[in-house]
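Remarks on the overall topology
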Amino acid sequence: MNVVDIVVHDIDGQAEMRAVEVLQKEVWGLPDLDVVPLTQLVAAKASGGVVIGAFDRDILAGFAYGFAGYEEGRVTHHSHMLAVRPEYRSLNIGYMLKLAQREKVLEQGIERMTWTFDPLQSVNAYFNFNKLGVISDRYFVNFYGEDAASFLHRNGTDRLWVTWLLNSRHVGERLDGAVPAFEIENISPMVEVGTDYAPRRRSFDEWASDDQAVIEIPADINSLEQKSGEITARWREATRSAFTEAFVAGFLIKEFHRGNRDDQIVGRYVLKRGESMGDID
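Residues numbered from 1 in each chain as written. Predicted model: local features only at pLDDT ≥ 70, side-chain atom pairs only at ≥ 80, totals over all residues. Heavy atoms only, no water.

**Some details on the side chain of Q24**
Note that Q24 resides in helix α1 (residues 13-28). Within the local environment of Q24, its side chain forms a polar contact with the backbone nitrogen of V36, the two atoms lying 2.9 Å apart. The contact partners of Q24, leaving out residues within four places of it in the chain, are G29, L30, V35, V36, F63 and M81. (Helix = DSSP H or I, 4+ residues; strand = E, 2+ residues; numbered from the N terminus. Polar contact = N/O pair within 3.5 Å; in protein donor to acceptor, adjacent residues only side chain to side chain. Contact = heavy atoms within 4.5 Å.)

Next comes the structure, spelled out in structure tokens:
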């Protein structure tokens, strides 16, 4: 397969809508009860939602689904789902889908898109903050409940709520491939990856007066979970308290970095205080 063979267009017709249902089950292991059904997809699209697919001939390689929302006094677009078949994930299809979704939403006159993701997933964090340019100042504990059905939710459903300011300079720079360099080595992490891959948590008093902060996460929480569910549960607890405290203290996330330390690869959220969502241009 080759990226030149992938075509992105609106999901249309019963067969393509059914393919979206099937792909939800295959990617996330959802039972029928938790699948967004054809009837909902049809209604959402007819009322201004976006349902687009990436196709390899007649194979649905991935899809994005979102709907209009109303957040903090303004119309937004909430991107509820994006899935790509595992065998197609090296082809940048997720990025293609987000760009197509952005274009369609801007055509509607909407300039803000939101979605959620698991902050322990380093690959998703890099994609969202570095390639797309999202920002975040909201954290939800067990957003989808403690007993969500997907096999991906064995460690709870905590989520970062991210905002994509579609026409901002910040987003434009990220889409052009520009990522600013940051001197973060001298910033003491609120949470740090230990030599045993367990989290090391600093107390609030140790960073409360700082203007910048770092929250580290393992490079691959999924592999770590296969080795120790106890350690990954500790990661959820440590990052949950760190993100929650940071946002209450007025921090904002605009950047995510991956780097080496000794023989480890770690992910680092870079948080800054003194800048609000409304300050981003």
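Further notes follow.
**Topic: the layout of surface pockets**
Reported here for the second largest pocket is a volume of approximately 210 Å³. The wall of the second largest pocket is formed by V193, Y197, P218, A219, D220, S223, L224, K227, Q264, I265 and V266. Where the lining of the second largest pocket is concerned, the elements lending two or more residues are α7 (221-227) and β12 (264-273). Looking at side-chain class alone, the lining of the second largest pocket contains 7 nonpolar, 2 polar and 2 charged residues. (1 Å grid on protein atoms, 1.4 Å probe; cavity = no way out; pocket = protein on both sides within 12 Å on 5 of 7 lines; lining within 4 Å. Points joined across faces, edges and corners; volume = space filled by probe spheres on them. Nonpolar A, V, L, I, M, F, W, Y, C, P; charged D, E, K, R; others polar.)

**A closer look at the nonpolar core**
Counting 52 residues, the largest nonpolar core has I93, F129, L160 and Y269 as its most contacted members. Examining the composition of this core, we find that 7 residues originate from one element, helix α8 (residues 229-248), more than from any other. Those residues in contact with I93, other than ones at most four positions away along the chain, are I6, A54, A61, V84 and Y88. (Core = buried A, V, L, I, M, F, W, Y, C linked by side-chain atoms within 4.5 Å. Buried < 20%, exposed > 50% of the residue type's maximum accessible area, 1.4 Å probe, protein only.)

**A few points about the pairing of strand β7 (residues 159-165)**
Most of β7 is tucked away, with 7 of its 7 residues classed as buried. Sheet analysis places strand β5 (residues 112-117) next to β7, joined by 6 bridges and oriented antiparallel. Across the sheet, R112 pairs through a bridge with L165, a residue of β7. Sheet topology places strand β6 (residues 135-140) next to β7; 5 bridges connect them, and they run antiparallel. If you follow S136 over to β7, its bridge partner there is V162. (Pairing = 2+ DSSP bridges.)

**Quick word on the packing of aromatic side chains**
Tallying each qualifying case throughout the model produces 13 aromatic pairs. Their ring planes at 80° and their centres at 5.5 Å tell us that W115 and W164 sit as a pair that is edge-to-face. Here W164 lies in strand β7 and W115 lies in strand β5, a separation of 49 residues in the sequence. What links up through ring pairs into an aromatic cluster is the set F117, F129, Y139, F243, F247, F256 and Y269. Stacked on the ring of W115, the Lys or Arg K98 has its end atom at 3.7 Å from the ring centre. Above the face of the Y95 ring, K131 is positioned so that its terminal group lies 4.7 Å from the ring centre. (Phe/Tyr/Trp six-rings, centres within 6.5 Å; stacked < 30°, edge-to-face > 60°. Lys NZ or Arg CZ within 6 Å of the ring centre and 35° of its normal.)

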